[in-house]
Every structure is written in C-alpha cells, then in structure tokens.
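# Fold and contact review
The residues making up each chain are set out below.
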Amino acid sequence: MKQQLEEIRLRALAALDEAATPAALEELRVKLLGKKGEITAVLKQMGKLSAEERPIMGQLANSVRADIEEKLEARKLAINAAVLEEKLAAEAVDVTIPGEPVELGHQHPMNQVLEAIKEMFVSMGYTVVDGPEVELAAYNFTRLNIQEGHPSRDRSDTFYFTDDDSILLRTQTSPMQIRTMEKMQPPIRIIAPGRVYRKDEVDATHSPMFHQIEGLVVDEGITMGDLKGALETLMRQLYGEDAVMRFRPHHFPFTEPSCEMDMQCHKCGGTGEVDGQVCSTCHGEGWIELLGAGMVHPEVLSGCGIDPEKYSGFAFGMGLERMAMRQMRINDLRLIFDNDVRFLDQF
Ligand code: DAH
C-alpha cells in the first residue's frame, strides 16, 4: 500500500505539471481525489491492515492528498494567469495605429451651381419658390399666352397624362409665373428652380428631364434695363468680371419684347475656331445660348389680376444644366446624370 501511495504521488505531481487547461486540471482532480478516485480506492483497502499499520498508512495517505491539493492549487493559479495573459495579448488595442479615414461625400455639381445662383438672387432680394412638376396645361401654356395649336403643345414634344391634354409634366418653369402672380401682388421678386420634361432623345446636350430656373420681377416702373442689370450681375458673379454676353431679339408668347441671352464661348473666346478647327463647344458660333427672357406680356399680367397700366415686369428662364456645364467645363450632359463617382469626385 505504501508503495501504491508513493507511486500515486509521483505520477500525480508529474501529470499536474503537464496539465495546461482548467478542464485538464479538473479531470485530474476527480481522477485522483474524487469519491471514485485513486486515493479513495487505496484507502478502501485499509481494513486489511493491522492496528499499528493503519494510522501510519492514514498519515501517508493524508500527506499524499495534501501534496496533490497543494499542487492543484498552484497549477490553477499558474494556468489562470497564463490564460489571462494570452487573452490580454490577443485583445490588445494599439491606440497609436492611425484610424481608417471616413470618406465624406459632397454636393452634386448641379446642386453646387444651383446653390450659388440661389444665393446671388437671394442677396438681390429675391425669394425662392417651388411648384408642382405635374402641371395643368392652363398654367403651362394657355395662361402664358400659348394658344391651342401652338407647336410647343404638340403631343410629340410633351408628356400628357390625360386624353384631353389638360394635365402634363411641365415643359418649362414658366407656369410658376402664373402661380406666383395668382398668390402675390407686386412688388414681386422670385426665382423658381425645378425639373422640367420634354420628349427629347438623349444626346450630349439633350435629356427628357432637365432643370430650369425661372425668374419673375413685377413692380411699378420695371424696364428692360432692370432685366439686363439683374442678368449681367448674375453672369459676372458666376463667370467673372470679364464675362462677355449679348442680348438678341427673340419671340416668346408670354413676353413682349422678348430676347435671348448668349455668353461668349469660353473655349474659342468668341472666334468660333480652335487651332484652325471649328470650335466643338459652340459649333463655330462663338456664342452659347443660356436663357430666354423678356418683359411680361400685358395679357399675362391682367390674366392674373395685375393692372398692366400700373405695373410692368420682366421674366427669364435659364437652363441649369447649361449653366453648370459652362461653369464646370463639362462637355457632355450625360455625365451630369450618370452619377459615376469617379466623375463627381472632380468637383
Ligand atoms: N420658358 C422658356 C423656355 O423654356 C424660357 C423663357 C423665355 C422663360 C422667356 C421666360 C421668358 O420667363 O420670359 O424656353
């Protein structure tokens, strides 16, 4: 028995030294000290011993048990420390490693130009107004003096919703003139930016949806000089003090007189030629058409309950895409709508 106990002690201490996990330790504890463990098994044989031998064996068994318990405790502490060490190493955070930069987006180039234009008009005392894209033909055409049968009302140009052609996707922002004059009395000073729709095939300069900014000023004594002043101020601020523009006579049913405004081509400087070739930006014209404008027709004023004897006004409508293309030197309209980040990132 003595030998058995000594052998258990040796084997147990060696095995405990080898154990590397809390689970392995627990397994050994049960195997050695448990109710069905090795020491208990030896002690069960005590009955066979003489009265003198029994206390000696009892003492030996207790000392083996105590050694094993002590070793168990020591290993437990060592293993827990190692586990903690490993965990700390694995979960360590190096606060000196630079973080991953968060990429910030920015406004679409169209919105950048729109914001700049809005800001300039607001600084000149204009209010920004908004109106429906689904519009009545009465506002889009009739009350702007565009009568039945006028080519711009044609079904091949306009998206109609109803068989009687009374509701449509607005083809211009000019109906906002009527909507504004219906609600407000002079003095009126507004701009109305927004989407407009026409049945156009897509190419470098056309899209079935594009944006316009309408402007309307009505007050006593407003003249064509005020119109020129407002538009020249805008263009100089947008394109620089040396921007060159011209006003050409034109016809619009809702203004009289009417005009169009062109900017001198930035690519060829107005010559229409670049390196002996026809300029690709203005197609040799030397000028780029930017907007239509004029003095609000007396019939349009009186149709909205404003006395044309007392008041006069000017109006204009400009294409936002054209302004953006001119400003950002973009030569194909489709790039603006594709929303390719590699393109947008440049602005
Ligand atoms: N609505 C016109 C168009 O889409 C542009 C325009 C011309 C607007 C003259 C106006 C204006 O306000 O007075 O072609």
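Each remark here, short or long, concerns the structure printed above.
All of these numbers come straight from a predicted model, not from anything done at the bench. Here the residue index of a chain counts from 1 through its sequence in written order. pLDDT decides what is reported in this predicted model: residues at 70 or higher carry local features, side-chain atom pairs at 80 or more are listed and counted, and totals for whole chains, interfaces and linings draw on all residues regardless. The side-chain figures draw on all heavy atoms in the structure; neither hydrogens nor water molecules are used.

### A short note on the overall build of the protein chain
Each helix corresponds to a stretch of at least 4 residues labelled H or I by DSSP, and each strand to a stretch of at least 2 residues labelled E; elements are numbered beginning at the N terminus. The helix and strand inventory of the protein chain stands at 12 helices and 11 strands. Just to be clear, the radius of gyration here is over C-alpha atoms, and the globule rule we use is 2.2 Å times residues to the power 0.38. Against the compact-globule benchmark of 20 Å for 347 residues, the protein chain has a radius of gyration of 45 Å, which places it well outside the compact range. When its C-alpha atoms are laid out on the principal axes, the protein chain stretches across 140 × 55 × 40 Å. For every residue, the accessible area (1.4 Å probe, protein chains only) is compared with the maximum for its type, and the residue is labelled buried under 20%, exposed over 50%, or partly exposed between those bounds. Looking at the 347 residues of the protein chain, the share that counts as buried comes to 40%. Of the accessible surface of the protein chain, which amounts to about 19,800 Å², a share of 52% is contributed by carbon and sulfur atoms. None of His or the chain ends enter the tally, which takes Lys and Arg as positive and Asp and Glu as negative. In plain terms, the charge of a residue is placed at NZ if it is Lys, CZ if Arg, CG if Asp and CD if Glu. Across the protein chain, 37 positive and 56 negative side-chain charges occur, with their mean positions spaced 11 Å apart. Shrake-Rupley sampling with a 1.4 Å probe provides the accessible areas, and residues are treated as covered by the protein chains on show and by no other component.

### Observations concerning the pattern of salt bridges
Throughout this description, the term salt bridge denotes a Lys or Arg side-chain nitrogen within 4 Å of a carboxyl oxygen of Asp or Glu. For the structure on display, the rule yields 18 salt bridges. When the shortest N-O distance is used, the salt bridge between arginine 248 and glutamate 260 registers 3.0 Å. Separated by 12 residues along the polypeptide, arginine 248 in strand E6 (residues 245–252) and glutamate 260 in strand E7 (residues 255–264) bring together distant segments of the chain. For arginine 334, the salt bridge goes to aspartate 332, with nearest N and O atoms at 2.9 Å. Where salt bridges share partners, they join Glu7, Arg11, Lys31 and Glu38 into one cluster.

### Some details on helix H10 (residues 320–328)
Counting buried residues in H10 gives seven out of nine residues, a clear majority hidden from the surface. Within H10, the full set of buried residues consists of Leu320, Glu321, Met323, Ala324, Met325, Arg326 and Met328. Looking one or two residues beyond H10, the residue adopting positive phi is arginine 329, at roughly 55°.

### Considerations on unusual backbone geometry
Proline 187 follows proline 186 through a cis peptide bond whose omega is 5°. Tracing the backbone through its elements, the reader meets proline 187 in the loop between helix H7 (175–183) and strand E4 (188–197). Glutamate 256 connects to proline 257 through a cis peptide bond whose omega is -5°. Considering the arrangement of structural elements, one finds proline 257 in strand E7. For aspartate 275, which is not glycine, the phi torsion reads 50° and is therefore positive. Along the polypeptide, aspartate 275 turns up in the loop between strand E8 (273–274) and strand E9 (277–278). Phi is positive for arginine 329, which is not a glycine, with a value near 55°.

### What to know about the environment of histidine 150
Residue position: histidine 150 is located in the loop between helix H6 (137–140) and strand E3 (167–169). Distance from histidine 150 to proline 253, taken between C-alpha atoms, is 9.9 Å for residues 103 residues apart in sequence.

### Focus: the site of the ligand
Residues are labelled near a given molecule or strand when at least one of their non-hydrogen atoms is within 4 Å of it. Taken together, 15 residues surround the ligand, and among them Gln172, Gln177, Arg198, Gln212 and Glu214 come closest. Measuring from a nitrogen atom of the ligand, one finds a side-chain N or O atom of serine 174 at 2.9 Å. In the environment of the ligand, an oxygen atom lies 2.9 Å from a nitrogen or oxygen atom belonging to the side chain of glutamine 177. All amino acids are sorted into three groups, where Ala, Val, Leu, Ile, Met, Phe, Trp, Tyr, Cys and Pro are nonpolar, Asp, Glu, Lys and Arg are charged, and the leftover types, Gly among them, are polar. Residues that form the shell around the ligand fall into these classes: five nonpolar, eight polar and two charged. Under the rule applied, a polar contact is a pair of N or O atoms within 3.5 Å (in protein, one hydrogen donor and one hydrogen acceptor; residues adjacent in sequence only if both atoms are side-chain atoms).

### Quick look at the sheet that holds strand E10 (residues 287–296)
Pairs of strands are assigned from DSSP output, requiring at least two bridges between the strands. As summarised here, the arrangement of the seven strands in space is E1-E4-E5-E11-E10-E7-E6, forming an open sheet in which the pairing is mixed. Each end of this open sheet is capped by a strand with a single partner; those strands are strand E1 (127–128) and E6. Inspection of the sheet shows strand E5 (residues 209–219) paired to strand E11 (residues 312–319) by eight bridges, in the antiparallel sense. Along E11, the bridge assignment pairs aspartate 219 with serine 312. Contact criterion: two residues are considered in contact whenever any of their non-hydrogen atoms come within 4.5 Å of each other. Orientation is described by lines fitted to C-alpha atoms, with helices fitted over the stretch in contact, and by angles between N-to-C directions that extend from 0 to 180 degrees. Here helix H8 (residues 224–239) sits on the sheet and contacts E6, E7, E10 and E11; the angle it forms with E10, its principal contact strand, is near 150°.

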